[in-house]
Amino acid sequence: MLVVLKETAGEVGQEAARIVAGAVRANPSAVLGLATGSTPLGMYEELVALHHAGNLDFSKATSFNLDEYLGLAPADPQSFQYFMHSNFFSHVNFSPEKIHIPSGAMRKDFSAYCESYEQAIKDAGGIDLQVLGIGRNGHIGFNEPNSSLASRTRLKELTRETIEDNRKFFPQGAEIPECAITMGIGTILDARRIMILATGKSKAAAVAKAIEGPISSSVSASALQLHPDVIFVIDDDASYALTQRDYYRRVLELTKKYTPEKLS
Ligand code: PGA
């Protein structure tokens, strides 16, 4: 795993956007796996700026979002569908038919729907670059602790911690969804390349467990240790519990020198 240590959350966003932009420039038909939440907001802002500057064309790209709350209609301002359109898709030139976000509107037949989402990813040729955030409990997507490391897209029950963490995005007194449709850890590990972003002190413990802890279903992000091409981009606050920071810095310098393509 490559660990890229940045000072600030703003730099994390810029670095993440540079890597996504590089993937789309290298392959305009790239299939991107996209994430919501506060962490990737800076990345989306920067990607929108690159697009407006005429430097980035998404017209041939395809996207699959990681997850969606169960019970929220696409037009609900708290839905991830709404988040993606207001923060990203409405400002760039993705073809609407190439955008895929799990639907939270269904009431039954979840497994058939989730299988169709998996099939759509396969039909698109698989995900080239998957962007992830990380929860305080180490979740990726909504793969809460104890999710099978082989899990596929499915309905998942959210932990109390996740529900509380997400309360800030909902109006006061609103009911917060208790479940979500999420890509599984197995789905995520099928991506050809994975980039995971983390900012802020509240993520430091989860980041340290994911990078330096044992692989365990108690920390879903630790499953990324099984993947051959993962890049962590984290700010100072999120990195302070790592024990090998100096080594990660050296690895980065030597990667720039000998294998810079790993950073493009
Ligand atoms: P956040 O969420 O970016 O809003 O902190 C990350 C996550 O829960 O995956």
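This write-up is about the structure you can find in this document. (Residues numbered from 1 in each chain as written. Predicted model: local features only at pLDDT ≥ 70, side-chain atom pairs only at ≥ 80, totals over all residues. Heavy atoms only, no water.)

1. Quick notes on the overall build of the protein chain
Logical step 1: What the protein chain contains, in helices and strands, is 9 helices and 10 strands.
Logical step 2: The C-alpha atoms of the protein chain give 17 Å as radius of gyration, which agrees with the globular expectation for 264 residues (18 Å, within 12%).
Logical step 3: Along the first, second and third principal axes, the C-alpha set of the protein chain runs to 50 × 40 × 35 Å.
Logical step 4: Among the 264 residues that make up the protein chain, the fraction classed as buried is 52%.
Logical step 5: Put simply, of all contacts in the protein chain between residues at least 6 apart along the chain, 79% involve residues at least 24 apart.
Logical step 6: Surface exposure of the protein chain reaches about 11800 Å², of which carbon and sulfur atoms provide 51%.
Logical step 7: Here the protein chain holds 26 positive side-chain charges and 31 negative ones, and the gap between their average locations is 4 Å. (Helix = DSSP H or I, 4+ residues; strand = E, 2+ residues; numbered from the N terminus. Rg over C-alpha atoms; globule rule 2.2 N^0.38 Å. Buried < 20%, exposed > 50% of the residue type's maximum accessible area, 1.4 Å probe, protein only. Contact = heavy atoms within 4.5 Å. Areas by Shrake-Rupley, 256 points an atom, 1.4 Å probe, with all protein chains shown as cover. Lys, Arg positive; Asp, Glu negative; His and termini not counted. Charge placed at Lys NZ, Arg CZ, Asp CG, Glu CD.)

2. Description of the side chain of asparagine 166
Logical step 1: For asparagine 166, the location among the structural elements is in helix H5 (residues 160-166).
Logical step 2: Given a relative accessible area of 11%, asparagine 166 falls into the buried group.
Logical step 3: Polar side-chain contacts of asparagine 166 include one of 3.0 Å to the side chain of tyrosine 69.
Logical step 4: Once you skip the residues sitting within four places of it in the chain, asparagine 166 turns out to touch Tyr69 and Phe142. (Polar contact = N/O pair within 3.5 Å; in protein donor to acceptor, adjacent residues only side chain to side chain.)

3. Examining the pattern of salt bridges
Logical step 1: One pass over the structure, following the stated rule, counts 12 salt bridges.
Logical step 2: Glutamate 118 is paired through a salt bridge with arginine 152; the nearest N and O atoms lie 2.9 Å apart. Here the residue glutamate 118 occupies a position in helix H4 (residues 110-123), and arginine 152 occupies one in the loop between strand E6 (129-132) and strand E7 (154-157), the gap between them amounting to 34 residues.
Logical step 3: In this structure glutamate 118 comes out as buried when scored by relative accessible area, which is 9%. (Salt bridge = Lys/Arg side-chain N within 4 Å of Asp/Glu carboxyl O.)

4. Some thoughts on the site of the ligand
Logical step 1: What surrounds the ligand is the set Gly37, Ser38, Thr39, Gly133, Ile134, Gly135, His139, Phe169 and Lys203.
Logical step 2: The side chain of serine 38 places a nitrogen or oxygen atom 2.9 Å from an oxygen atom of the ligand.
Logical step 3: Threonine 39 places a polar side-chain atom, nitrogen or oxygen, 2.5 Å from an oxygen atom of the ligand.
Logical step 4: In the complex, 82% of the free accessible area of the ligand, which totals 280 Å², lies under the protein chains. (Near = heavy atom within 4 Å.)

5. Concerning the sheet that holds E7
Logical step 1: Within the open sheet, the 3 strands sit side by side as E4-E8-E7. Their pairing is antiparallel. Two strands close off the open sheet at either side, each with one partner strand: strand E4 (67-69) and E7. Taken pair by pair, the neighbouring strands of this sheet meet at an average axis angle of 30 degrees, ignoring direction.
Logical step 2: Pairing between E4 and strand E8 (residues 179-182): 3 bridges, direction antiparallel. When the bridges of E8 are listed, aspartate 67 appears paired with threonine 182. (Pairing = 2+ DSSP bridges. Axes fitted to C-alpha atoms, helices over the stretch in contact; angles between N-to-C directions.)

6. Thoughts on the environment of phenylalanine 170
Logical step 1: Within the secondary structure, phenylalanine 170 is located in the loop between H5 and E8.
Logical step 2: Placed 66 residues apart in sequence, phenylalanine 170 and glycine 104 show a C-alpha to C-alpha distance of 16 Å.
Logical step 3: Excluding its chain neighbours within four sequence positions, the residues that come into contact with phenylalanine 170 are Tyr69, Leu72, Gln78, Glu175, Ile176 and Pro177.

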